[in-house]
Amino acid sequence: FIIGISRSNMKKKKLTGGKKKKISKKKNHSKGNNPTNTVLRRANFIKMTRVRGGNFKFKAISLGKGSFQWKTMQLSKNSKILSVLYNQANLKLVQKRNLSKGTIIKIDSMPFIKTILTNQRSFIDLLKFQIDKMILLKLLNKGLLIARITSRPGQTGKINGTIMEDYDLKLFFRISRKMKKLIPY
């Protein structure tokens, strides 16, 4: 059988630069897979593939929602992803709306606002850091937040992320100004 994508050691060269001799035929365990380019869409489509040891990997083909954590407020909510803003790996991934680890995205802030308004403790916490985080409050008034994906959607089949605050937000806005992109606030 033909292996297109291989994880085997046979294709690598020796330290001297010479070719390695073929000592075994192609095996099934050295087969590789195509990359799962998870795309932002409304409908969630997750593909289940069997991997080594009889286990399963859940590869997300397209996702529209994710679980996001606001660390300083100690909140974790499911929220809708609105758009892809930046990807360090490649800017073409932003145009294709690919979701991978480290991608900066724009999410809906309504689930967080509802819990802040209903919970007295979190509302008091919000008032405490109101002066320091004016950028974050401007974004909340617009109905959106900026988050970074911390999970690997192509491996786990879901999106987990953290909401960007303080230094991370300022750094992101500095990068986006350099790129002359639209700033979301």
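What counts and how
- Residues numbered from 1 in each chain as written.
- Predicted model: local features only at pLDDT ≥ 70, side-chain atom pairs only at ≥ 80, totals over all residues.
- Heavy atoms only, no water.
- Helix = DSSP H or I, 4+ residues; strand = E, 2+ residues; numbered from the N terminus.
- Buried < 20%, exposed > 50% of the residue type's maximum accessible area, 1.4 Å probe, protein only.
- Contact = heavy atoms within 4.5 Å.
- Pairing = 2+ DSSP bridges.
- Axes fitted to C-alpha atoms, helices over the stretch in contact; angles between N-to-C directions.
- Phe/Tyr/Trp six-rings, centres within 6.5 Å; stacked < 30°, edge-to-face > 60°.
- Parallel < 35°, antiparallel > 145°, perpendicular 65-115°, else oblique.
- Nonpolar A, V, L, I, M, F, W, Y, C, P; charged D, E, K, R; others polar.

> Just checking my understanding: could you explain the overall build of the chain for this structure?
The number of helices and strands found in the chain is six helices and eight strands. Put simply, the chain runs from its N terminus to its C terminus through helices and strands in the order β-β-β-β-β-α-β-α-α-α-β-α-β-α. Out of the 185 residues belonging to the chain, those deemed buried represent 35%. Pairs at least 24 apart in sequence give 58% of the contacts found in the chain among residues at least 6 apart.

> Where do I start with the sheet that holds strand S7 (residues 144-149) in this structure?
With respect to topology, five strands assemble into a closed barrel ordered S4-S5-S6-S7-S8, the strand pairing being mixed. Between one strand and the next, the sheet's axes are offset by a mean angle of 50°, whatever the strand orientation. Where S7 lies against strand S8 (residues 160-163), three bridges are found, and the strand directions are antiparallel. Within the sheet, the bridge partner assigned to Ile149 lies in S8 and is Gly161. Together, strand S4 (65-70), strand S5 (75-86), strand S6 (104-108), S7 and S8 form the strand contacts of helix H2 (residues 110-118), whose direction differs from that of S5 by roughly 150°. Packed onto the sheet, helix H6 (residues 166-178) meets S5, S6 and S7 and runs at close to 95° relative to S7.

> How should the pairing of S7 be read in this particular structure?
With five of six residues buried, S7 lies mostly within the body of the structure. For S6 and S7, the ladder comprises five bridges, and the chain directions are antiparallel. Bridge pairing in S7 places Lys106 opposite Ile146.

> Is there a simple way to think about the sheet that holds strand S3 (residues 56-63) in this case?
The pairing of strands in a sheet happens through backbone hydrogen bonds and is either parallel or antiparallel. The three strands are arranged S1-S3-S2 in an open sheet whose pairing can be described as mixed. Because the sheet does not close on itself, it has two edges, and the strands there are strand S1 (39-40) and strand S2 (45-50). Looking at chain direction, S1 and S3 are connected through two bridges and run parallel. Along S3, the bridge assignment pairs Val39 with Ser62.

> How do you make sense of the packing of aromatic side chains when you look at a structure like this?
Each aromatic ring pair is summarised here by two numbers: the centre-to-centre distance and the angle between the ring planes. Following the criterion strictly, the structure yields three aromatic pairs and no others. Arranged with centres 5.9 Å apart and planes meeting at 75°, the rings of Trp70 and Phe112 form a pair that is edge-to-face. A residue pair is termed long-range when its members are at least 10 positions apart, and Trp70 in strand S4 and Phe112 in helix H2 qualify at 42 residues. According to the relative accessible area criterion, Phe112 is buried, its value standing at 0%. Judged by centre distance (5.6 Å) and plane angle (45°), the rings of Phe172 and Phe173 are tilted. Phe173 sits in the buried class, given a relative accessible area of 2%.

> Mind showing me how you'd approach the packing of helix H4 (residues 134-142) against H6 here?
Helix-helix packing is described using two parameters, namely the angle between the two axes and the distance between the axes. Orientation of H4 relative to H6, taken along the N-to-C sense of each, is 75°, at an axis distance of 9 Å. Relative to H6, H4 is oriented roughly perpendicular. Contact with H4, carried on its side by Ile135, Leu136 and Leu139, involves Leu169, Lys170 and Phe173 of H6 and no other residues of that element. Here the residues of the contact of H4 with H6 are counted per class, giving five nonpolar, no polar and one charged.

Purely geometric stuff here, so don't read any function into it on its own.
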